[in-house]
Amino acid sequence: MASILRVNTLTDASSNNSVPMATVASGSVKAWADADMTGTAGLDDSFNIASLTDNGTGDFTLAIANDMANGAYAISFGFQNQSSNLDAHIRLFSDGHKLAATVQCQKMENNSATDGDTNTVMIAGDLA
Amino acid sequence: MASQLKVDTLTGVTTAGSIDVTGEGNSTTTNLQQGLSKSWVCLKGSDTFAVRDSFNTTSATDNGVGDYTTTRSNALANGDYATSGICSATGGGNPHYNFIVENSENSGTKIRTTTALRTYILNARDSESTNDAPDYSMTFMGDLA
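The shown structure was predicted, so the numbers you read here are calculated from the model rather than taken from an experiment.

All names here are of chain A. Taken across its eight residues, strand β3 (residues 29-36) has eight buried, putting it largely inside the fold. Here β3 pairs with strand β11 (residues 119-124) via six bridges, running antiparallel. Bridged to Val-29 within β11 is Ala-124. Bridge count for β3 against strand β4 (residues 42-47) is five bridges, and the pairing is antiparallel. Paired with Ala-33 across the strands is Ser-46, a residue of β4. Linking two consecutive strands that pair antiparallel, namely β3 and β4, is a turn of five residues; a positive phi of about 60° is found at Gly-39 within it.

Listed below in structure tokens is the structure:
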């Protein structure tokens, strides 16, 4: 049977490692994704991501299933290089593309948009 | 009334590995297990290589300059997990352009395993060079085995 536990603080049985529920809620990552943009783009795995849209080479939009409260959230990226190109990174597509429900990102290598096998995204912040 | 729950392990009732937590907006829920980092590591890459602190990390190996492998104690379910890392600037001619890249160059496939991730610290302005960094950190999100 499903149940709801209303509690302010979690503590281990020895009364150590106490953590307020507010920290559990705010400290948890609210969405993450491992996106493969090579061939037919898709999500290898994800959490709280409704869909991935392939906008073009290296350019993808993630739709967040349960929206964030606003665009003021922390986002971080990981990736693999597809070649020996240096100066590789994933960036927000441009200003205004980090929204409560979607975020548009772009994988760059050597100053050119590039598809990659592993593009990872983490989002931490407040849910709506 | 403030309350405190004393417990060593939390387990879901319907699904053992799934517990919902009400989010900041007081309506939507987020999943506790999916939102928890499954592993993190903070390394000292320069001078004497060392693990500064870590969680669910059994070892870290210095394979060479800017070339590190970290290994999870409890494995992820598969290679489809998210990573995010950052490093401090040091070494090379343009140290402020250091970045971390996962080892899989030219492969087009994942080389990472459920436990091990090998990465390089590269310098975007110093052709093909790798750099050690005083501070290297990596976080892992995904499903535990």
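Below, the discussion takes up the interface of chain B and chain A. Every contact between the two is made by 43 residues of chain B and, on the other side, 49 residues of chain A. Residue assignment for the side of chain B that touches chain A shows that the elements contributing at least two residues are β1 (4-6), β2 (20-22), β3 (29-31), α1 (32-35), β8 (82-87) and β9 (98-102) of chain B. With four residues, β8 of chain B is the single largest residue contributor to the side of chain B that touches chain A. A per-class count over the side of chain B that touches chain A returns 14 nonpolar, 21 polar and eight charged. Direction of pairing for strand β1 (residues 9-11) of chain A relative to β1 of chain B: parallel, over a ladder of three bridges. From the neighbouring strand, Leu-10 of chain A faces β1 of chain B, where its bridge partner is Leu-5 of chain B.

What counts as what
- Residues numbered from 1 in each chain as written.
- Chains lettered and ligands numbered in written order.
- Predicted model: local features only at pLDDT ≥ 70, side-chain atom pairs only at ≥ 80, totals over all residues.
- Buried ≥ 20, exposed ≤ 12 C-beta atoms within 10 Å, placed from the backbone.
- Helix = DSSP H or I, 4+ residues; strand = E, 2+ residues; numbered from the N terminus.
- Pairing = 2+ DSSP bridges.
- Contact = placed C-beta atoms within 7 Å.
- Nonpolar A, V, L, I, M, F, W, Y, C, P; charged D, E, K, R; others polar.

Interpretation note: all reported values are geometric properties and have no functional meaning in isolation.
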